[in-house]
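Each chain, written out:
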Amino acid sequence: MPAKSNDSRPGGRSARVRAAVHRAVVDLVREVGADKVTVPAVARRAGVNPSSVYRRWGTTAALLADVAARRQDEETPELLGDLRQDLERVAVWTLRDLSRPDGVAFFRAEVAPDVDERRAGLRACLDRVSARFRAPLDAAARRGETPPSLERVLDRIVAPLYFRVVFSVPGTDERFARELVAGLCGPGRAAAASPGPAGDSDVPSFG
């Protein structure tokens, strides 16, 4: 059996290139804004050939989406085993991630102007956010609780956070995020939802 190249080994050249490209993207988004980030600029900053970036990611939108997904995968908060506390932790983390200097920039970049790319970007963003909030809902269901549906969580917690951060509405802080969770999981409301864990069918479709 032929030996695998360094590109296919964890920590090999492929991993180093991806790490360098991701760092370059984050730096450029902070410096010039996501709308001005280009593959040649990223390649120059990362010290790699532009053809390598095009071959791996194809478009700037796909590259930005990969960076956003990687950052969120690495930093998702650990669950505590209590539905309300877990939803609060995820809501606060989501707010912090979206509120940092490049948070909204990455979100806007994913929602690309091209129709097909916009649909893919929305789908990818929604899938990540849904997975983040589905984890505590599924964990609560395994404990025998009756958690809210994922769709209800998206409507009552996620949508207000994204709307208020994107449009810079004053008062969108951690206290507000916790109040959203309290409004959904307060006394007499925690069971007012689906009879089991939320599934993929709860996630809205973008075509």
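Calculation notes
Residues numbered from 1 in each chain as written. Predicted model: local features only at pLDDT ≥ 70, side-chain atom pairs only at ≥ 80, totals over all residues. Heavy atoms only, no water. Helix = DSSP H or I, 4+ residues; strand = E, 2+ residues; numbered from the N terminus. Buried < 20%, exposed > 50% of the residue type's maximum accessible area, 1.4 Å probe, protein only. Contact = heavy atoms within 4.5 Å. Areas by Shrake-Rupley, 256 points an atom, 1.4 Å probe, with all protein chains shown as cover. Phe/Tyr/Trp six-rings, centres within 6.5 Å; stacked < 30°, edge-to-face > 60°. Lys NZ or Arg CZ within 6 Å of the ring centre and 35° of its normal. Core = buried A, V, L, I, M, F, W, Y, C linked by side-chain atoms within 4.5 Å. Bend = angle between axes of the 7 residues up to and from the residue. pLDDT = per-residue confidence, 0-100. Polar contact = N/O pair within 3.5 Å; in protein donor to acceptor, adjacent residues only side chain to side chain. Axes fitted to C-alpha atoms, helices over the stretch in contact; angles between N-to-C directions. Left-handed = near helix turned anticlockwise from the far one by under 90°. Nonpolar A, V, L, I, M, F, W, Y, C, P; charged D, E, K, R; others polar. Salt bridge = Lys/Arg side-chain N within 4 Å of Asp/Glu carboxyl O.

Some remarks on the overall build of the chain
- A tally of regular secondary structure across the chain gives 9 helices and 0 strands.
- Secondary structure of the chain in N-to-C order comes out as α-α-α-α-α-α-α-α-α.
- Put simply, the chain has 207 residues, and 47% of those count as buried.
- Within the chain, counting contacts between residues at least 6 apart in sequence, those at least 24 apart form 68% of the total.
- Split by element, the accessible area of the chain, about 11100 Å² in all, is 52% carbon and sulfur.

Details of the environment of G103
- Its place among the elements puts G103 in helix α6 (residues 103–110).
- When the C-alpha positions of G103 and R30 are compared, they lie 9.6 Å apart, and in sequence the two are 73 residues distant.
- With near-sequence residues (within four places) excluded, G103 lies in contact with D97 and L98.

Considerations on the packing of aromatic side chains
- For the coordinates displayed, the defined rule picks out 1 aromatic pair.
- For the cation-ring pair, R164 lies above F176, with the distance from its terminal atom to the ring centre recorded as 4.1 Å.

Things to note about the nonpolar core
- Among the nonpolar cores identified, the biggest contains 30 residues, and L87, A91, V129, F133, I157, L161 and Y162 are the most heavily contacted of them.
- Those elements that provide at least two residues to this core are α5 (83–99), α6, α7 (115–142), α8 (150–166) and α9 (174–185).
- Sorting elements by how many residues they give to this core places α8 first, with 9 residues.
- Filtering out sequence-adjacent residues up to four positions away, A91 remains in contact with F133, I157, L161, A177 and V181.

Some words on α8
- Along α8, the helix axis deviates most sharply at V158, where the bend reaches about 35 degrees; the proline P160 sits within four residues downstream.
- Looking only at α8, the buried set comprises L150, V153, L154, I157, V158, L161, Y162, R164, V165 and V166.
- Remark: S168 follows α8 within two positions and exhibits a positive phi of approximately 55 degrees.

Notes on the confidence of the model for the chain
- Of the residues in the chain, 77% have a pLDDT of 70 or more, and the chain-wide mean is 81.
- Low confidence marks residues 1–10, where pLDDT is under 50. Its contacts with residues over four positions away, or in another chain, come to 6 contacts.
- Here residues 188–207 scores under 50 on pLDDT; set against residues more than four positions off or in separate chains, the count is 48 contacts.

Comments concerning the side chain of D102
- Assignment of secondary structure puts D102 in the loop between α5 and α6.
- Reaching out from D102, the side chain makes a polar contact with the side chain of R30 at a distance of 3.3 Å.
- In this view, D102 contacts V26, V29, R30 and R71; residues no more than four positions away in its chain are not counted.

Quick word on the packing of α5 against α9
- For the pair α5 and α9, interaxial distance at closest approach is 9 Å and the crossing angle is 145 degrees. Where α5 crosses over α9, the two elements pack in a sense that is right-handed. Across the interface between the two elements, R84, L87, E88, A91, V92, L95 and R96 from α5 touch E174, A177, R178, V181, A182 and C185 from α9.
- When the residues that make up the contact of α5 with α9 are grouped by side-chain class, the tally is 8 nonpolar, no polar and 5 charged.

Considering unusual backbone geometry
- Its identity is not glycine, yet S168 carries a phi of approximately 55 degrees, on the positive side.
- Tracing the sequence through the fold places S168 in the loop between α8 and α9.
- Taking the relative accessible area as the measure of exposure, S168 reaches 60% and is therefore exposed.

Details of the pattern of salt bridges
- For the coordinates displayed, the defined rule picks out 11 salt bridges.
- Where E31 meets R45, a salt bridge forms, and the shortest distance between an N and an O atom there is 2.9 Å. Of this pair, E31 sits in helix α1 (residues 13–32) while R45 sits in helix α2 (residues 39–46), and the two are 14 residues apart along the sequence.
- Of the residues examined, R45 reaches a relative accessible area of 39% and is grouped as partly exposed.
- In this structure, the salt-bridge partner of R100 is D102, at a minimum N-O distance of 4.0 Å.
- What makes R100 partly exposed here is its relative accessible area of 22%.
- Using a relative accessible area of 0% as the deciding quantity, one classes D102 as buried.

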